[in-house]
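# Close look at the chain arrangement
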Amino acid sequence: MDGWDPSTKSALTQIPLLSTRAGPRDGAAWTQRLKEEYRALIAYTTINKSRDNDWFRISAANPEGTRWTGTCWYVHNLRRYEFQLQFDIPVTYPATAPELELPQLDGKTHKMYRGGKICLTVHFKPLWAKNCPRFGIAHALCLGLAPWLAAEVPILVDSGVLKHKDDEPSGDS
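Please read all numbers here as calculations on a predicted model, not as lab measurements.

## Comments concerning the overall build of the chain
- Helix and strand content of the chain: four helices and five strands.
- Of the regular secondary structure in the chain, the N- to C-terminal order runs α-α-β-β-β-β-β-α-α.
- Relative to the globule expectation of 16 Å for 173 residues, the C-alpha radius of gyration of the chain, 17 Å, shows essentially globular dimensions.
- Its C-alpha atoms give the chain principal-axis dimensions of roughly 55 × 35 × 30 Å.
- Residue burial in the chain is summarised as follows: out of 173 residues, 42% are buried.
- Sequence-distant contacts in the chain: of pairs separated by 6 or more residues, those separated by 24 or more amount to 52%.
- With an accessible surface of roughly 9,500 Å², the chain has 52% of that area assigned to carbon and sulfur atoms.

## Things to note about the UniProt feature "active site" (unreviewed entry) in the chain
- Per the UniProt record, "active site" (unreviewed entry) is found at Cys 119.
- Secondary-structure assignment places Cys 119 in the loop between strand E5 (117–118) and helix H3 (124–130).
- With near-sequence residues (within four places) excluded, Cys 119 lies in contact with Lys 111, Met 112, Tyr 113 and Trp 148.

## A few points about the packing of aromatic side chains
- For the coordinates displayed, the defined rule picks out nine aromatic pairs.
- With centroids separated by 6.0 Å and ring planes inclined at 90°, the aromatic side chains of Trp 30 and Tyr 93 adopt a geometry described as edge-to-face. Remark: Tyr 93 occurs in the loop between strand E3 (79–88) and strand E4 (112–113) and Trp 30 occurs in helix H2 (residues 28–50); sequence separation between them is 63 residues.
- For Trp 30, a relative accessible area of 5% corresponds to the buried category.

## Things to note about the environment of Gly 116
- Here Gly 116 lies in the loop between E4 and E5.
- Here the alpha-carbon distance between Gly 116 and Leu 102, two residues 14 residues apart in the chain, equals 4.9 Å.
- If sequence neighbours within four positions are ignored, Gly 116 has contacts with Leu 100, Glu 101, Leu 102, Pro 103 and Asp 106.

## Brief notes about the sheet that holds strand E2 (residues 67–76)
- Here three strands make up an open sheet; going across it, the order is E1-E2-E3 and the pairing antiparallel. What marks the edges here is a single partner per strand, and that holds for strand E1 (56–60) and E3. Within the sheet, the average angular offset between the axes of one strand and its neighbour, ignoring direction, is 10°.
- The pairing of E2 with E3 spans 10 bridges and is classified as antiparallel. The residue of E3 that forms the bridge with Trp 73 is Glu 82.

## Here's the deal with the environment of Ala 60
- Within the secondary structure, Ala 60 sits in strand E1.
- Those residues in contact with Ala 60 that sit more than four places away from it in its chain are Tyr 38, Gly 65, Arg 67 and Trp 68.

## Here we look at the pairing of E1
- Of the pairings in the sheet, the one linking E1 to E2 comprises five bridges and is antiparallel in character. Within the sheet, the bridge partner assigned to Ala 60 lies in E2 and is Trp 68.

## Some details on the pattern of salt bridges
- Following the criterion strictly, the structure yields seven salt bridges and no others.
- The salt bridge involving Asp 88 is made with Arg 67; its shortest N-O contact spans 3.0 Å. With a gap of 21 residues between them, Asp 88 in strand E3 and Arg 67 in strand E2 connect regions that are remote in the sequence.
- Of the residues examined, Arg 67 reaches a relative accessible area of 24% and is grouped as partly exposed.
- Taking the shortest distance from any N to any O, the salt bridge between Glu 99 and Lys 117 comes out at 3.2 Å. Pair noted here: Glu 99 is in the loop between E3 and E4 and Lys 117 is in strand E5, with a separation of 18 residues, a long-range link.

So, how was this worked out
- Residues numbered from 1 in each chain as written.
- Predicted model: local features only at pLDDT ≥ 70, side-chain atom pairs only at ≥ 80, totals over all residues.
- Heavy atoms only, no water.
- Helix = DSSP H or I, 4+ residues; strand = E, 2+ residues; numbered from the N terminus.
- Rg over C-alpha atoms; globule rule 2.2 N^0.38 Å.
- Buried < 20%, exposed > 50% of the residue type's maximum accessible area, 1.4 Å probe, protein only.
- Contact = heavy atoms within 4.5 Å.
- Areas by Shrake-Rupley, 256 points an atom, 1.4 Å probe, with all protein chains shown as cover.
- UniProt positions renumbered as here; feature names shortened; annotations may be inferred.
- Phe/Tyr/Trp six-rings, centres within 6.5 Å; stacked < 30°, edge-to-face > 60°.
- Pairing = 2+ DSSP bridges.
- Axes fitted to C-alpha atoms, helices over the stretch in contact; angles between N-to-C directions.
- Salt bridge = Lys/Arg side-chain N within 4 Å of Asp/Glu carboxyl O.

Laid out in structure tokens, this is it:
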């Protein structure tokens, strides 16, 4: 945890670690894992709200809990930039981290793969592997998506690649 900002370190230590090593094909064990995932997500959301740092909403998009959708946002220069967020739980989960997708940003940065999947290979995936099965979705958001947004959104905005919704033509002319 050396080199992490105090806020991230503090949030991470308060997100409950998970214990069930189960993926989508593991029946009742997967159901137990999903309960742990929800507990961790609720704790992380509560932490963020208590610090006035609310920045995402997600929920399972299917009853099996293998597809997740929602929104995330980042505030830059006092303007909120909001993005659709989606990801699938890999069949090899939790050994394999989910690939977080921001489809609206597809092709706008080099730190992204086809389909809007954000690049987490160098910094996050080794950390995930080291902490399997203790890390879950909340940890992926805290240590993967949050730093990615903090690094990329200001660059995209300042370079003119990303426009705020208020600056785009409305088509009402």
